[in-house]
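Residue-level structural notes
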Amino acid sequence: EKAAAVAAAAVAAADDGEVSEVDDDDKAEGATTTTAGASALASALQLLPKQQLKKLVGSSGGTTDDSSKAEICTTIIKKKVEVKKKSRKTTKSKKKEKKEFQFGKEAIKIGSWNLKNLSDKADIERLSRIAITLSRFHVCAIQELLSEEVLQRLLERPVMAGYKYVLGPLQGGEGLKREHYCYIYRSSAEVVSSGVVNDSSGTFQRPPFVATFQFGTYFRFTVVTLHASYSSGAYQRVKEIMMLDKVMSVVQEQNGAERDIFLMGDFNTEPHDDKFMAMRRAGYVPLIPKSLKTTIGMNDGGNSYDNMWVRVLDPDSGLPAGFHHWTMESGA
């Protein structure tokens, strides 16, 4: 009876996952093979009578009357392993389906980041920290990128495998550092079009950079990014901010019926400032309120200069302008 109880406990342990065999996928994920459970089960099974062992195997176990106890024990363990492997593969399949299902529900993350004069002088540690954050996004608009070389080094970080970029030209007015705008995006997306806004009036020192992205066959959106002037004084900055509604109107005309159009970047202006009044009248709102700080670590407590604007109301009809629901978050 004691031997039977030990064997029963060992079989139960096998059912709970202590007897397992690792396939190649698991090894690649750093999994380890558990052999102690199998050894314990084999030892316990040897204590049972041969007829009881055959009952554990069942009629389809592939054993015969001439099979030794050791052969029957091996068959029992093999069956346990096969059941575990099948269960594990089913679980992996369900996890994959769940991930694809969430993506199909348009769980797409779009970000914007002023990388503060990111140049080829950046060391590996800084690039690695940046890469880890960028890997959270499907698309991220970048400002203050000073060279394409550092961008290529950034995308060489292991966590950035599967990412691409579309780069704007070097821009900057007199007395300003020349910088690139850039979009870093997952290769599952297609860049439909990209280009710098035509600034024939010379309003902007760094005219906005626009790109349209397509994810699969079901979702397309357009992003406009800007780094508004700061060092050239308030007058230049006011001119740029107050021209943004016209920029967005042009982008909207070029995109036809598309309503998922974002303006994002570093505006060097708080989102509640009156300079954005024309944008508000056009139906746009900032996704990040003034209470959330997107620039931190400053003596004044930080600010919300870095922001995203989306059109939520059509000013003519008063109806919702977008086809999709967007939420926001801010921080590292």
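The following paragraphs examine the structure supplied in this document. (Residues numbered from 1 in each chain as written. Predicted model: local features only at pLDDT ≥ 70, side-chain atom pairs only at ≥ 80, totals over all residues. Heavy atoms only, no water.)

Counting buried positions along strand 2 (residues 139-145) gives seven out of seven residues, so the element sits mostly inside the fold. Inspection of the sheet shows strand 1 (residues 110-118) paired to strand 2 by six bridges, in the parallel sense. Along strand 2, the bridge assignment pairs Gly111 with Cys140. Between strand 1 and its parallel partner strand 2, the chain crosses via helix 6 (residues 124-134), and the hand of that crossover is right-handed. Pairing of strand 2 with strand 4 (residues 180-186) involves five bridges; the strand directions are antiparallel. Note on strand 4: the bridge partner recorded for Leu145 is His180. (Buried < 20%, exposed > 50% of the residue type's maximum accessible area, 1.4 Å probe, protein only. Helix = DSSP H or I, 4+ residues; strand = E, 2+ residues; numbered from the N terminus. Pairing = 2+ DSSP bridges. Right-handed = clockwise from strand over helix to strand, strands pointing away.)

Strand order in the open sheet formed by four strands is 1-2-4-3, and the pairing between neighbours is mixed. Each end of this open sheet is capped by a strand with a single partner; those strands are strand 1 and strand 3 (163-167). Averaged over all pairs of adjacent strands, the angle between strand axes in this sheet comes to 25°, irrespective of strand direction. Taken together, the five bridges between strand 3 and strand 4 define a ladder with antiparallel strand orientation. Bridge pairing links Tyr165 to Ile184 in strand 4. Across the face of the sheet, helix 6 comes into contact with strand 1, strand 2, strand 3 and strand 4 while running at roughly 165° to strand 1. Packed on one face of the sheet, helix 7 (residues 148-155) meets strand 1, strand 2, strand 3 and strand 4 and runs near 165° to strand 3. (Axes fitted to C-alpha atoms, helices over the stretch in contact; angles between N-to-C directions. Contact = heavy atoms within 4.5 Å.)

Tracing the sequence through the fold places Arg237 in helix 8 (residues 234-242). Given a relative accessible area of 14%, Arg237 falls into the buried group. Setting aside anything within four residues of it in sequence, one finds Arg237 in contact with Ser229, Tyr230, Phe267, Asn268 and Thr269. Looking at Arg237, its side chain comes within polar contact range of the main-chain oxygen of Asn268, at 3.3 Å. (Polar contact = N/O pair within 3.5 Å; in protein donor to acceptor, adjacent residues only side chain to side chain.)

Burial in helix 6 covers these residues: Leu127, Ile130, Ala131, Thr133 and Leu134. Looking straight down helix 6, one finds its buried side chains confined to an arc of 160°; they lie on one side. Relative to its buried face, helix 6 has exposed residues pointing more than 90 degrees away, namely Glu125 and Ile132. Where helix 6 is buried, its residues touch strand 1, strand 2, helix 7, strand 3 and strand 4. (Arc of directions from axis to C-beta.)

Read these as spatial facts, not as claims about activity.
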